[in-house]
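# Observations on the model geometry
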Amino acid sequence: AEDQQARETLRFLIADGGRFPGLVERHNDEFVQPMIDHFKAVIDAGVAAGEFRDTPAAAFTELVMSPAVLLSLWSLLFGERKQVDMAAFTEASIDLIMNGLSK
């Protein structure tokens, strides 16, 4: 049910967000930006601790969220018709991100 609601919210924002910019901004302010801020804090802490490289990618924490965004769009486009192995996708995404940031 929660996945369905999230999927329908995303579908609405993509399809009709241009007509309701206030809703898009609210979604950004209440959902997207807090996640970006959280990931930025984690990455900045990792750079400060010497665990991550200070790369240009560190300035674009949206990249960390991109696998989740891709899965959301995939679900919107294909629904149950084209399933993704979530465990393998998650592992591959974490590997890509961590090896991209690791020293």
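Refer to the preceding data block for the structure.
Given the structure is predicted, the values throughout are model-derived calculations rather than measurements.

## Some points on the overall build of the chain
For the chain, the helix and strand inventory stands at 4 helices and 0 strands. Secondary structure elements of the chain, listed N to C terminal, follow the sequence α-α-α-α. For the chain, with 103 residues in total, the buried portion stands at 17%. Partitioning the contacts of the chain with sequence separation of at least 6, the portion at a separation of at least 24 is 55%.

## Observations regarding the packing of aromatic side chains
If you walk through the whole model with that rule in mind, you get 2 aromatic pairs. Where Trp74 meets Phe78, the ring centres are 4.6 Å apart and the plane angle is 55 degrees; that geometry is what we call tilted. Placement of the pair is Trp74 and Phe78 together in helix H3 (residues 62–78), with a separation of 4 residues, close to one helical turn. The class of Trp74 is partly exposed, set by a relative accessible area of 32%. The ring of Phe78 carries the charged tip of Lys82 above its face, separated from the ring centre by 5.2 Å.

## Some points on helix H4 (residues 86–101)
Relative to the 22 Å expected for 16 residues at 1.5 Å per residue, H4 spans 22 Å between its end C-alpha atoms, a close match to the ideal helical length. The backbone nitrogen of Ala87 has a side-chain oxygen 3.3 Å away, supplied by the residue at the start of H4, namely Asp85.

Each value, and the rule that gives it
- Residues numbered from 1 in each chain as written.
- Predicted model: local features only at pLDDT ≥ 70, side-chain atom pairs only at ≥ 80, totals over all residues.
- Heavy atoms only, no water.
- Helix = DSSP H or I, 4+ residues; strand = E, 2+ residues; numbered from the N terminus.
- Buried < 20%, exposed > 50% of the residue type's maximum accessible area, 1.4 Å probe, protein only.
- Contact = heavy atoms within 4.5 Å.
- Phe/Tyr/Trp six-rings, centres within 6.5 Å; stacked < 30°, edge-to-face > 60°.
- Lys NZ or Arg CZ within 6 Å of the ring centre and 35° of its normal.
- Expected span 1.5 Å × (residues − 1).
- Polar contact = N/O pair within 3.5 Å; in protein donor to acceptor, adjacent residues only side chain to side chain.

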